[in-house]
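Understanding the architecture of this molecule
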Amino acid sequence: MPQNVYEKALERLDTVFREFDNIYVSFSGGKDSGVMLNLCIDYMRRHGITRKIGVFHLDYEVQYTETLRYLERTFAANGDLLEIYRICVPFKVTTCTSMYQSYWRPWDEALRKLWVRPLPEACYTAADFPFFDRDMWDYEFQSLFARWYHRRKQARRTCCLIGIRTQESYHRWQCIYANQHAARYEGLPWTSRNDTDVYNAYVLYDWLTTDIWTANGRFGWDYNHLYDLYYQAGVPLEKQRVASPFISAAQENLALYRAIDPDLWGKMICRVNGVNFMALYGSGSAVAHYRTRLPAGHTWESYMYFLLSTLPPATRDNYLRKLSVSVNFWRTRGGCLPQETIDALRRLGIPITVGDHTNYRTDKKPVRMEYLDDIDLPEFKSLPSFKRMCICILKNDHACRYMGFSLTKKEQDDRRRIMDFYHSLFS
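Residues numbered from 1 in each chain as written. Predicted model: local features only at pLDDT ≥ 70, side-chain atom pairs only at ≥ 80, totals over all residues. Heavy atoms only, no water.

As named in an unreviewed UniProt entry, the protein is DUF3440 domain-containing protein, taken from Candidatus Tidjanibacter faecipullorum.

See the structure below:
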């Protein structure tokens with residue numbers, strides 16, 4: 001008889017608790033990480049496991065009051081099983097609210113007077129982590145924390161349980177499937193190696209949003225009641241997320257802070273540049289969507305250069321580098337497109353060169369082509385056009401994630417160099 005996703009998750013937890021002597025859960029306070037933590041707590045109580053597991057929570061300072069309440073309830077109710085690592089560190093965090101700055105810092109001492117709330121009790125600060133550096137991004141801190149925690153516990157083998165699901169986004173799908181040759185624990189496809197003897201495990205990777213809420217309802221698990229407020233506000237299920245409010249994925253819901261958490265909203269406006277503007281226009285054409293209108297007298301290419309001319313030099317150069325990489329990629333390597341998109345491009349008379357195979361594990365074919373000014377196809381986001389670049393600029397999408405950008409080779413090299421340096425501190 002086929003297993004359901006809950007039964008499969010329990011089997012994976014059997015493996016984790018059997019194979020790893022050191023376990024911690026990455027817990028944001030969102031629906032997925034909440035179910036991941038509740039699943040572990042329930043599993044431990046039913047199996048009489050009394051050793052504590054860690055809970056890793058990055059506190060981004062600006063969080064909904066309901067999220068803070070959920071954190072406190074969860075920590076207080078399960079203190080016998082959980083060792084809490086509440087991180088309040090001024091690492092760099094991406095922001096899409098300003099064209100002048102690509103990041104902000106939670107808990108920045110230099111801006112203490114503008115903090116939206118005091119430091120939580122019993123939190124961990126920069127002074128607790130010898131590896132911390134102000135050039136560090138939040139995602140780099142997460143990786144280095146794993147090594148620090150592994151050494152701190154003198155563990156034989158450490159596992160970080162991460163509640164991400166492939167249904168949520170392509171980026172999350174990539175975490176698990178993109179690199180089939182990545183090191184995994186005993187070849188298990190729902191794991192990936194973070195460092196020597198340190199692994200990530202994605203126990204919920206095959207769950208759907210409906211599975212998450214079914215589990216909460218069936219087992220009576222506590223959850224973040226922010227989702228009730230989202231539901232009452234008419235936010236679709238797939239857009240109900242708990243994340244740093246200033247990132248691209250959250251900009252359309254930024255205005256909800258005014259209605260849901262008005263006291264916090266007044267402090268947010270002073271905390272990060274451009275918050276009020278993004279709340280007013282983040283879901284409209286002023287901040288760019290596919291429906292963005294072209295100003296009279298412009299092509300999308302000329303409009304792009306006009307937008308670039310209004311930006312600070314460093315920001316402008318960043319976008320131009322991204323554009324250059326993208327143009328070269330589509331000319332020389334080509335993007336992988338499905339056959340129906342290839343057929344549509346041919347029907348429109350757009351010159352393309354279609355390859356036979358690609359190094360990626362996909363049925364799609366590599367297509368080489370020049371940048372277009374615009375194209376009216378459902379696959380707009382997947383095709384190279386100057387309109388798409390304009391949308392990135394208008395969204396303050398400094399990393400050009402709207403265009404599917406991941407880290408450039410230089411950015412990867414810089415990140416690897418930083419990681420190697422800080423790993424050497426543990427040696």
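What follows deals with the packing of aromatic side chains. What describes a pair of aromatic rings is the distance from one ring centre to the other and the angle between the planes of the rings. This model, assessed by the stated rule, comprises 37 aromatic pairs. Seen in terms of ring centroids, tyrosine 24 and phenylalanine 56 are 6.2 Å apart; in terms of plane orientation they differ by 85°. Their pairing is edge-to-face. Here tyrosine 24 is found in strand S1 (residues 22-26), whereas its partner phenylalanine 56 is found in strand S2 (residues 53-58), with 32 residues between them in sequence. The burial state of tyrosine 24 is the same as that of phenylalanine 56; both residues are buried. Lying over the aromatic face of phenylalanine 380, lysine 387 brings its terminal NZ or CZ to 5.3 Å of the ring centre. (Phe/Tyr/Trp six-rings, centres within 6.5 Å; stacked < 30°, edge-to-face > 60°. Helix = DSSP H or I, 4+ residues; strand = E, 2+ residues; numbered from the N terminus. Buried < 20%, exposed > 50% of the residue type's maximum accessible area, 1.4 Å probe, protein only. Lys NZ or Arg CZ within 6 Å of the ring centre and 35° of its normal.)

Backbone-to-backbone hydrogen bonds pair the strands of a sheet. The strands run either parallel or antiparallel. With antiparallel pairing, 3 strands are arranged side by side in an open sheet as S9-S11-S10. Each edge of the open sheet carries a strand with a single partner, namely strand S9 (335-337) and strand S10 (353-354). In the sheet, S10 pairs with strand S11 (residues 365-368) via 2 bridges, with the strands oriented antiparallel. Counterpart to threonine 353 in the pairing with S11 is arginine 368. The strands touched by helix H12 (residues 313-332) within the sheet are S9 and S11, with S11 carrying the most contacts at an inclination of about 115°. In the packing of helix H13 (residues 339-347) onto the sheet, the strands contacted are S9, S10 and S11, and the crossing angle to S9 comes to about 100°. (Pairing = 2+ DSSP bridges. Contact = heavy atoms within 4.5 Å. Axes fitted to C-alpha atoms, helices over the stretch in contact; angles between N-to-C directions.)

Moving on, we come to the pattern of salt bridges. For the structure on display, the rule yields 16 salt bridges. Between glutamate 19 and arginine 18 there is a salt bridge, and its shortest N-O distance comes to 3.5 Å. Given the relative accessible area of 55%, arginine 18 is considered exposed. Arginine 46 is the salt-bridge partner of aspartate 42, the closest N and O atoms lying 3.2 Å from each other. You can see aspartate 42 and its partner arginine 46 sitting in helix H2 (residues 31-46), 4 residues apart, about one turn around the helix. By relative accessible area, arginine 46 is classed as partly exposed at 47%. Here the residues in one salt-bridge network are Asp59, Glu72, Arg86 and Arg117, joined through shared partners. (Salt bridge = Lys/Arg side-chain N within 4 Å of Asp/Glu carboxyl O.)

Spatially, S3-S2-S1-S6-S8-S7 is the arrangement adopted by the 6 strands of the open sheet, whose pairing is mixed. Each edge of the open sheet carries a strand with a single partner, namely strand S3 (82-87) and strand S7 (191-195). Within this sheet the neighbouring strands show an average axis-to-axis angle of 25°, counted without direction. The pairing of S1 with S2 spans 3 bridges and is classified as parallel. Note that in S2 the partner of tyrosine 24 across the bridge is glycine 54.

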